[in-house]
Amino acid sequence: MGINVADATLEPAKGEEPHVSEEVVKAKGVGPIRGFFRELARSTSGLIGFIIVVLLVAMTIFAPLLRGNLKPTTDYWAPFSAAHPLGTSGQGIDTLAMVVNGGKTVLLVGFGAAALTVLIAVVIGSLAAYFRGWFDALMLQVADLFMTIPQIVLLAVMGSLFRFDSPFWLAVIVGALSWPVLMRSIRAQVLTLKEREFVEAARLLDLGTLRIVFVEIVPNMASFILINFIIAVTNAIYAMVGLYLLGLAPLAGVNWGIMVQDGWTNGAMFNPDALPYILAPVAMIVLLQLGLILLTRSLEEILNPRLRDR
Amino acid sequence: MLESGDTPLLRMTHVDQTFKTKKGDVPAVQDVNFEVGPGQVLCLVGESGCGKTTSARMAGGLLKPTGGEVAYLGKNIWDMDSKEFIDYRRSVQYVHQDPYASLNPIRSVAATLTAPLLKHGLAKNRHEAWEQAAELCRRVDLTPPEAYLSKFPHQLSGGQRQRVAVARALTLNPKLIIADESTSMLDVSIRVGMLKMLGKLRDELNVGFLFITHDLAIAKYFGWSGKTAVMYLGKVVEIGPTPEVINNPQHPYTRALLNAVPEPDPDLTRTKLPNGGLRSSEIPNLRELPTGCTFHPRCPLFEAGCDKVVPILAEIGPNREVACHVTGRDTRSQTDSPTRELAG
Amino acid sequence: MSDTSVASPSSTRTAKRTDEPVLSVRDLVVQYRTGSGTTVDAVNSVSFDLYPNQALALVGESGCGKTTLGLGLLRLLPRLGHIPSGSITYRRQPGATPIDVLKLNSRQLRRWRWAEAAMVFQGAQSAFNPVITIGDQMADTLKAHVREGERYNKKEGIQRAGDMLKRVRLDPSRVLGSYPHELSGGMRQRTLIAMSLLLDPRFLVLDEPTTALDILTQRGIVDLLAELREERGFAMIFISHDLALAAELADRVATMYAGQIIERGSLHDIFYEPRHPYTSGLINAVPPVVGDLPELASIPGSPPSLANLPVGCSFAPRCSYATPECRAAEPPEETIEARDQGQSHEVRCIHWREVHHERKVIARA
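Bringing the overall build of chain B into the picture now. Scanning chain B from N- to C-terminus turns up twelve helices and twelve strands. In terms of C-alpha radius of gyration, chain B reaches 21 Å, essentially the compact-globule figure of 20 Å for 344 residues. Along the first, second and third principal axes, the C-alpha atoms of chain B reach 70 × 50 × 50 Å. Of the contacts formed within chain B by residues at least 6 apart in sequence, a portion of 60% connects residues at least 24 apart.

Along the backbone of chain C there are twelve helices and 14 strands. On C-alpha atoms alone, chain C measures out to a radius of gyration of 21 Å, which is about the 21 Å that the 2.2 N^0.38 rule sets for 365 residues. C-alpha atoms of chain C, sized along the principal axes, occupy 65 × 55 × 40 Å. Counting across all 365 residues of chain C, residues that qualify as buried make up 50%.

Listed as interface residues are 39 residues of chain B and, on the opposing side, 36 residues of chain C. Broken down by secondary-structure element, the contributors of at least two residues to the side of chain B that touches chain C are helix H7 (188-205), helix H8 (216-222), helix H9 (242-247), helix H10 (252-260) and helix H11 (266-269) of chain B. The element best represented in the side of chain B that touches chain C is H7 of chain B, accounting for six residues. Split into classes, the residues belonging to the side of chain B that touches chain C amount to 21 nonpolar, eleven polar and seven charged.

What follows concerns the packing of helix H10 (residues 167-177) of chain A against helix H14 (residues 222-245) of chain A. Residue and element names in this part refer to chain A. Two elements in contact, H10 and H14, have axes whose closest approach is 10 Å; the angle formed by their N-to-C orientations is 120°. One element, H10, and the other, H14, form an angle in the oblique class. Taken as a pair, H10 and H14 cross one another with a handedness that is right-handed. Facing Leu-170, Val-174 and Gly-175 of H10, the residues of H14 in contact are Ala-236, Ala-239 and Met-240. Broken down by class, the residue content of the contact of H10 with H14 amounts to five nonpolar, one polar and no charged.

Met-240 of chain A, Leu-210 of chain B together with Phe-238 of chain C are the most contacted members of the largest nonpolar core, which totals 269 residues. Broken down by element, this core gets its largest block of residues, 14 residues, from helix H7 (residues 103-131) of chain A. The contact partners of Leu-210 of chain B, leaving out residues within four places of it in the chain, are Val-36, Leu-42, Leu-44, Ala-56, Ala-59, Leu-176 and Ile-178 of chain B.

Taken as a whole, chain C is organised into domain 1 (131-199) and domain 2 (275-363). Once you take the C-alpha centre of each, domain 1 of chain C and domain 2 of chain C turn out to be 43 Å apart.

So, on to the pairing of strand S9 (residues 252-257) of chain C. Residues and elements named next belong to chain C. Most of S9 is tucked away: six of the six residues are buried. Both faces of S9 are covered, namely the face carrying Arg-252, Ala-254 and Met-256 and the face carrying Val-253, Thr-255 and Tyr-257. Where strand S3 (residues 55-59) meets S9, four bridges bridge the pair, whose relative direction is parallel. Its bridge partner lying in S9, Val-59 is registered against Thr-255.

The next thing to look at is the sheet that holds strand S6 (residues 92-95) of chain B. All names here are of chain B. The strand order across the open sheet built from eight strands is S6-S7-S8-S3-S9-S10-S12-S11, with neighbouring strands paired in mixed fashion. Edge positions in the sheet fall to S6 and strand S11 (314-317), since each of these pairs with one other strand and no more. Neighbour-to-neighbour, the strand axes of this sheet turn through a mean angle of 25°, independent of strand direction. Two strands pair when backbone bridges link them, and S11 and strand S12 (residues 320-322) are joined in this way by three bridges, in the antiparallel orientation. Its bridge partner lying in S12, Glu-315 is registered against Glu-321.

Taken together, the contacts link 21 residues of chain B with 14 residues of chain A. Listing elements by their share of the side of chain B that touches chain A, those giving two or more residues are helix H2 (82-91), S6 and helix H3 (109-119) of chain B.

On to the sheet that holds strand S5 (residues 75-76) of chain B. Sheet strands associate in pairs through backbone hydrogen bonding, adopting either a parallel or an antiparallel arrangement. Residues and elements named next belong to chain B. Pairing is antiparallel across the open sheet formed by four strands, whose spatial order is S2-S1-S4-S5. Each edge of the open sheet carries a strand with a single partner, namely strand S2 (24-36) and S5. Across two bridges, the pairing between strand S4 (residues 67-72) and S5 is antiparallel. When the bridges of S5 are listed, Ala-71 appears paired with Asn-76. Each of strand S1 (10-21), S2 and S4 is contacted by helix H1 (residues 52-59), which is oriented at about 115° to S1, the strand it contacts most.

All names here are of chain A. Counting buried positions over the ten residues of helix H15 (residues 256-265) gives eight, a clear majority of the element. All buried positions along H15 are accounted for by Trp-256, Gly-257, Ile-258, Met-259, Val-260, Gln-261, Asp-262 and Gly-263. One or two steps after H15, the chain reaches Gly-267, where phi turns positive at roughly 70°.

Reports of interface size often rely on the accessible area that becomes lost once the parts have come together. Residues and elements named next belong to chain B. Entries for chain B in the domain assignment read domain 1 (10-106 + 152-343) and domain 2 (108-151). In this assembly, 15 residues from domain 1 lie in contact with 14 residues from domain 2. Looking at which element gives the most residues to the side of domain 1 that touches domain 2, the answer is helix H6 (residues 158-170), with seven residues. A per-class count over the side of domain 1 that touches domain 2 returns nine nonpolar, four polar and two charged.

Let us look at the confidence of the model for chain B. Considering every residue of chain B, the mean pLDDT works out to 88; 94% of them sit at 70 or more. Below a pLDDT of 50 lies the segment residues 336-344 of chain B, which in the model reaches three contacts outside its immediate sequence neighbourhood of four places, other chains included.

Attention now moves to the confidence of the model for chain C. Residue and element names in this part refer to chain C. Averaged over every residue, the pLDDT of chain C is 87; residues scoring 70 or more account for 94%. Within the model, the stretch residues 1-16 combines pLDDT values under 50 with 28 contacts to residues more than four positions away or in other chains. Both scores are available for the predicted complex, with the pTM at 0.83 and the ipTM at 0.84.

About the thresholds
- Residues numbered from 1 in each chain as written.
- Chains lettered and ligands numbered in written order.
- Predicted model: local features only at pLDDT ≥ 70, side-chain atom pairs only at ≥ 80, totals over all residues.
- Helix = DSSP H or I, 4+ residues; strand = E, 2+ residues; numbered from the N terminus.
- Rg over C-alpha atoms; globule rule 2.2 N^0.38 Å.
- Contact = placed C-beta atoms within 7 Å.
- Buried ≥ 20, exposed ≤ 12 C-beta atoms within 10 Å, placed from the backbone.
- Nonpolar A, V, L, I, M, F, W, Y, C, P; charged D, E, K, R; others polar.
- Axes fitted to C-alpha atoms, helices over the stretch in contact; angles between N-to-C directions.
- Parallel < 35°, antiparallel > 145°, perpendicular 65-115°, else oblique.
- Left-handed = near helix turned anticlockwise from the far one by under 90°.
- Core = buried A, V, L, I, M, F, W, Y, C linked by C-beta atoms within 7 Å.
- Domains from an automatic or database assignment.
- Pairing = 2+ DSSP bridges.
- pLDDT = per-residue confidence, 0-100.

Pasting the structure below:
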């Protein structure tokens, strides 16, 4: 132990890295986007996550071309067959077609809600941190209030009161409820960023408050915001599936959430032929979430130099 | 104090700054007076904690004084209406110490320089703003401008970044630049180029400079034709034309500083007194300032009474003021009559 | 230690050239691996001798390799750095068995550091463990270096640490029980110097030990180092970008540029008759405080990237003396006549005869 301590004092201090390191960065000479993909390719899990997400998005976009027939037939709860590889639903609709087409709402609501969450969090968080004072205090109170309410319960209550009749409103409600945590971390980041001298320089040049906040400060958090956007997507999907499962979301149309809820309430669980009908959407949701989480983890490693150096 | 009857660009009158902290009040700046005119240089020198940066921040309108007045063109900046304040804000620019922190890492040089031009209507369109940005690059010797405009801060060296910071300060055609240790983080060979460039701005654009530095050699070089004020524990202890302050220092603290600075000449530098000739190297805490003259615990000229009475900054010759009981008395008695004749 | 009575820096310590050096460095190369798998030479075939009680200043702009050389001498290089070739030979005193520093294993190396060679870093804050008191850190250093068969005596250890702190003009009763953050910058730097001298090493590497300190504090450290060197007779390598500090502390100066020592000589040779245009340029860039106001000259351009050095003399692109020959081949090191007897003056410039160092005065005092 003694030796370690004595020796530790002889180690060169951090931040005294020799000057070559700067030159090395320059010598690499790779564009930011190509560099990003190169980094992503170096992490296997990140690449897998990225591919999963891209494939699921592509599947959803091209769903009508891949397997567009969603017409009910009289062939209820049909087992596996060449015509219906995953059997059919209780209404005689091809399960595979439902799975392929059912990602649209999930992805739209997930990304839409996440976009709204991030938007609210960034706007309120950065302005609160920049202005401080009463606005900051008020927003922190509001955020605390939102955070103390159990989200799924609030969603349930609101769902039963308003009966959101379209996925759009579902996205709005989910997004509007999940911003407080992100808002707090954005606020914390802006509090340190706004003390940086380049912000003072922008103030001295009288560039205007909104410009300083949203053009000078916020883009410096771009990677942090991107990672949190993806995390928000996963959270929004969980919240949405939960609402469907509880039957509190609009049950019109075809999507994975409705399939799970439908299977659950119509006793598909007790019918071995209907098993694919309930397992397939669950598998898709798990796959999507897995892809997103893998992607976030490597994005964190790529974009956060402190993690990268370990 | 100005040679002619002009209104100075910037005038600080009896300016105080006291920071309130949990452990008690910290008098960071007390009763500071100085002025800077167009094309003039005032160097503020002293050790860390002497109040030079706090004074500079008050001059730049970044900090409101707790007492006294900061005036731009004769008008207190904190009593200005918004139009006057905007004019002041644009005319007085600040160049920070650390070129690694003062440029936004995600903005290219062109974006940094064109933003204020477009925002304040100094350029009608992007093309014109680009042209002006290129001209500013040439001003600060970043040539050819095309090689720098599309670069990002991490692609530039420290000296190049600091030049971009100066170019940015020049975008709004300022009349006064406050340079807060702007050259202290640069390598010697790069520092000289930077100082020459700033000198050129003073001569060609008639920009006034409030130049903050801890390095007396830099103050001497940059401020030779201007004035230098030496600060100690929040107060100006000596002020006068730079050549006189540096070559004929009157306050014992100024003398100690000059004695402590190493010279790039082996034989000369080894003639200097150990410890700058001081009795103690401890810098007192601002919260518990010594009584009387705050320099007395370290002062080699300490006399009975120095620890009782606070010396005032008094004139000892043309344009020269010193706050010292001992040297102030000696020089005053020596120069009393000639000064009167000159003044009369 | 016998020469303590003489004040002039040049005459006394220079006579030691007949001794055997305490440190002898030959053709030392330090490489860094880069992210893309290539290597860069941060230090390129550096040779010099350091004699007992001598102070050598390593000067140059940032990125010239002076810190890397300092770290390399004590084998303290960061993970990506290594020494592929060259030699470092250490002798505790003239006549003693030489030690090949590059052949020491990690256990031997740990014993060698502190006891024989120590380093004082820039920014003393990070050199200390922030959660251990100064007293305990000093005791740990002593404990780690107890000789075989001896036991560490706690009382004696504290006594020794206290004496050393007193020697650097600190109050042991105050400092020993303090944590590093409770000390001022100047006090921390003094403490670090005390700690580095605790085991009486024969040479000390000081990397910008006074950067970030105030002028008067810096002055105190400089005076202290000069005193301690007289008293204890250690040799030191003083790394600095500030030529004025080198003028103050050193008796020999080596100028580094792009990983090489491009000129070395006695203090007087380097400051009054520099023969490399770069050394001359560096001196002309430093403003003096006392006396007339000289013209200052900047060196155009910036140091080259170590990963992409120009062919021939690496200073040629910035040099006003450069000719096509300079760009054709790397200049060899030439030995030229020194002003002081018993000293040597070496320069890597084919135009050294044409370099005349002078300062123009633009305003009289």
